[in-house]
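If you want the building blocks of each chain, they are given just below.
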Amino acid sequence: MNILVTGSNGFVGKNLVIELKNKGYTDIFEYDIDTDPALLDGYCKKADFVFHLAGVNRPQTEDEFMQGNFGFTSLLLDTLKKHNNTCPVMISSSIQAALDNPYGKSKKAGEDLIFKYSEQTGSKAYVYRFENVFGKWCRPNYNSAVATFCNNIANDLPIKVNDPSVNMQLIYIDDVVAELISALEGEPTLLDDGFCHVLPVHKVKLGEIVELLYSFKESRKDLSVPLMSDPFVKKLYATYLSYLPKDSFSYNLKMNCDERGSFTEILRTAHHGQFSVNISKPGITKGQHWHHTKNEKFVVVSGKGVIRFRKPDSDEIIEYFVSGDKIEVVDIPTGYTHNIENLGDTDMVTFMWCNECFDPEHPDTYFLKV
């Protein structure tokens with residue numbers, strides 16, 4: 001299947017082309033502003049589907065809006081007509097096409113042109129009025145507030161928020177690409193208004209977006225994790241990470257070290273507890289305490305040892321021998337004093353989860369030897 005993608009080096013185009021290749025499509029004609037214009041004729045002759053993503057967002061003059069968003073669309077469709085190619089054509093428009101401004105007018109003109117083309121030729125026309133698209137690889141300081149804020153906050157640069165109460169309508173790049181590939185496969189999301197749509201649309205205040213982005217930045221210090229059950233937060237966090245400086249992918253953790261080894265918190269969550277890593281030197285025993293409600297899970301990933309349990313009112317000792325050679329989870333039930341001893345000749349590394357983040361005011365931890 002020959003697929004023509006105009007605007008292939010743009011934000012949406014780049015994401016689309018890469019995902020098409022991921023899905024096994026190999027005959028992709030990539031056309032962008034730097035492509036030899038002479039190639040367009042051959043591409044239009046052979047294309048079995050056209051993704052028309054090329055357009056102008058930030059021209060030097062208002063006339064360039066119409067030239068880029070209407071003029072090139074006209075050229076593209078005329079070239080398809082020349083070769084009697086009635087393959088389906090998808091065009092990226094904007095919700096601003098409903099507004100009375102130069103950019104909106106140029107997008108509306110492109111819409112009208114392709115609808116007329118469809119009527120004349122019988123070609124399927126898929127017109128998408130995109131909301132604000134966000135995600136990885138979007139150029140900052142161009143036409144996306146989310147991209148600019150992500151980039152600037154991640155790189156310790158100032159941002160300017162004129163009105164935090166502004167309601168934003170946003171669609172995520174992965175959702176856009178998934179929908180476009182559905183259109184390619186003949187299953188676009190076509191609503192009663194005659195336009196195709198990308199779902200879901202996230203409606204969020206600008207100020208809320210900024211607050212979230214600053215919390216993402218702070219999470220490297222307080223070890224918090226965003227609420228990933230919220231689809232928008234999950235997508236915004238993924239977007240923010242893509243703007244991290246190349247020399248700042250890693251960040252330090254506080255290792256609590258002594259002669260026994262070390263204990264290091266990795267993550268803290270508001271609803272799902274705390275994750276840590278514990279390193280025990282050979283022959284060292286750690287723990288010797290019990291909890292009323294706090295509970296944990298231990299996973300030894302390197303070395304070998306034993307986890308022992310005893311009820312405070314019993315002499316019976318329960319033992320679980322653990323090793324990095326056999327990854328398993330050992331639950332630490334409430335009401336049992338417990339310890340973990342390194343039985344090997346090397347450091348024993350244990351990954352630990354606790355159902356709550358440590359609170360020094362309410363530790364729920366009581367010393368008692370096993």
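Being a predicted model, the structure only gives us computed values, none of them experimental.

(A) Seen up close, the overall build of the chain. Each helix and strand in the chain was counted, giving eight helices and 19 strands. Expected size for 370 residues packed as a compact globule is a radius of gyration near 21 Å; at 29 Å, the chain overshoots this value by more than 25%. By its C-alpha atoms, the chain is 90 × 45 × 40 Å across when sized along the principal axes. Across the 370 residues that make up the chain, the buried fraction comes to 44%.

(B) Structural view of helix H5 (residues 145-154). Most of H5 sits out of view: nine of its 10 residues are buried. Of all the positions in H5, only Val146, Ala147, Thr148, Phe149, Cys150, Asn151, Asn152, Ile153 and Ala154 are classed as buried. The secondary structure elements touched by the buried residues of H5 are strand E6 (132-134), strand E7 (167-172), helix H7 (206-222) and helix H8 (231-241). Just downstream of H5, Asp156 is the residue with a positive phi angle, here 60 degrees.

(C) Highlighting the environment of Phe309. Among the structural elements, Phe309 can be located in strand E14 (residues 304-310). Note on Phe309: relative accessible area 3%, which makes it buried. If near-sequence neighbours (up to four positions away) are discounted, Phe309 is found in contact with Glu316, Ile317, Ile318, Tyr320, Val330, Asp331, Ile332, Pro333, Tyr336, Thr337, His338 and Val370.

(D) Molecular detail of unusual backbone geometry. For the bond running from Leu199 to Pro200, omega is 0 degrees, close enough to zero to count as cis. When you line up the elements, Pro200 lands in the loop between helix H6 (173-184) and strand E8 (202-205). Even without a glycine there, the phi angle at Asp156 is positive, about 60 degrees. Tracing the backbone through its elements, the reader meets Asp156 in the loop between H5 and E7.

The rules we used
Residues numbered from 1 in each chain as written. Predicted model: local features only at pLDDT ≥ 70, side-chain atom pairs only at ≥ 80, totals over all residues. Heavy atoms only, no water. Helix = DSSP H or I, 4+ residues; strand = E, 2+ residues; numbered from the N terminus. Rg over C-alpha atoms; globule rule 2.2 N^0.38 Å. Buried < 20%, exposed > 50% of the residue type's maximum accessible area, 1.4 Å probe, protein only. Contact = heavy atoms within 4.5 Å.

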